[in-house]
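A closer look at the structure
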Amino acid sequence: MPRTYARLCFHIVFATKHRTPWIRPELARELYPFVGGVVGDQGGLLLAIGGMPDHVHLLVDLRPHPSVAAVVKAIKGSSSRWINEARRIPDHFAWQEGYAAFSVSTSVLERVRTYVLNQERHHRSSTFQTERRDLLSKHGISFDEAESED
């Protein structure tokens, strides 16, 4: 083939350091578009973003290069720097080191988009720990229940 064709969509989840509830609605209103800009700078498209004060969910459409890991690193690094340099919170902001990324088929994009955008409603009946366990299990990823979330 003379050209590369790819549709690589991912549901990405990561949390604040120590799951501190720093992402209040006023910060989220600025942070979410900022994250979309970083994804765009990496050659991708932010399809949806949502979250809670201690974690975010992204639905992204990425190019084959850079890698998912490189895009997440860029998002976390740029957003942490942006929050801290402008003192958008009264403390030092940081993200947890790890993240979860799940491939998303085009056939379920709208369902995942709805899930990402409705985090507040979802978390009325589910904790982050339950959500994490369910997502990892659903995607066949083994994990240690005792693993620290810091």
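Scroll up to find the structure this text is about.
These lines cover the structure that appears in this document, whether it is placed above or below. (Residues numbered from 1 in each chain as written. Predicted model: local features only at pLDDT ≥ 70, side-chain atom pairs only at ≥ 80, totals over all residues. Heavy atoms only, no water.)

**A short note on unusual backbone geometry**
Formally: Strands here mean DSSP runs of E at least two residues long; helices mean DSSP runs of H or I at least four residues long; both are numbered from the N terminus.
With omega at 10°, the peptide bond leading from His65 into Pro66 counts as cis. Within the secondary structure, Pro66 sits in the loop between strand S3 (55-62) and helix H2 (68-85). Despite not being glycine, His18 shows a phi value in the positive range, around 60°. You can see His18 is positioned in the loop between strand S1 (8-15) and helix H1 (25-41). The backbone of Arg87 shows a phi angle near 50°, a positive value even though the residue is not glycine. For Arg87, the location among the structural elements is in the loop between H2 and strand S4 (100-103).

**What to know about the pairing of S4**
Side chains on a regular strand alternate between the two faces of the sheet. Under the convention used in this document: For each residue, the accessible area found with a 1.4 Å probe, counting protein chains only, is set against the maximum for its type, and the residue is called buried under 20%, exposed over 50%, and partly exposed in between. Strand pairing is assigned whenever DSSP identifies at least 2 bridges connecting the two strands.
Of the two faces of S4, the one holding Ala100 and Phe102 is buried and the one holding Ala101 and Ser103 is not buried anywhere. Bridge count between S1 and S4: four bridges; the pairing is antiparallel. Bridge pairing links Ile12 to Ala101 in S4.

**With respect to the side chain of Lys76**
Selection criterion: Only four residue types enter the charge count: Lys and Arg as positive, Asp and Glu as negative, with His and the chain ends excluded. Definition used for salt bridges: Asp or Glu carboxyl oxygen within 4 Å of a side-chain nitrogen of Lys or Arg. Two N or O atoms form a polar contact when they lie within 3.5 Å of each other; inside protein one atom must be a possible hydrogen donor and the other a possible acceptor, and for residues adjacent in sequence the pair counts only when both atoms belong to side chains. In what follows, a contact means two residues having at least one pair of non-hydrogen atoms within 4.5 Å.
On the secondary structure map, Lys76 appears in helix H2. It turns out Lys76 is buried and unbridged, and the closest side chain with the opposite charge, Glu97, is 8.1 Å from it. Only 2.7 Å separates the side chain of Lys76 from the backbone oxygen of Gln96, close enough to count as a polar contact. The contacts of Lys76, once residues within four sequence positions are left out, are Phe14, Trp95, Gln96, Glu97, Gly98 and Tyr99.

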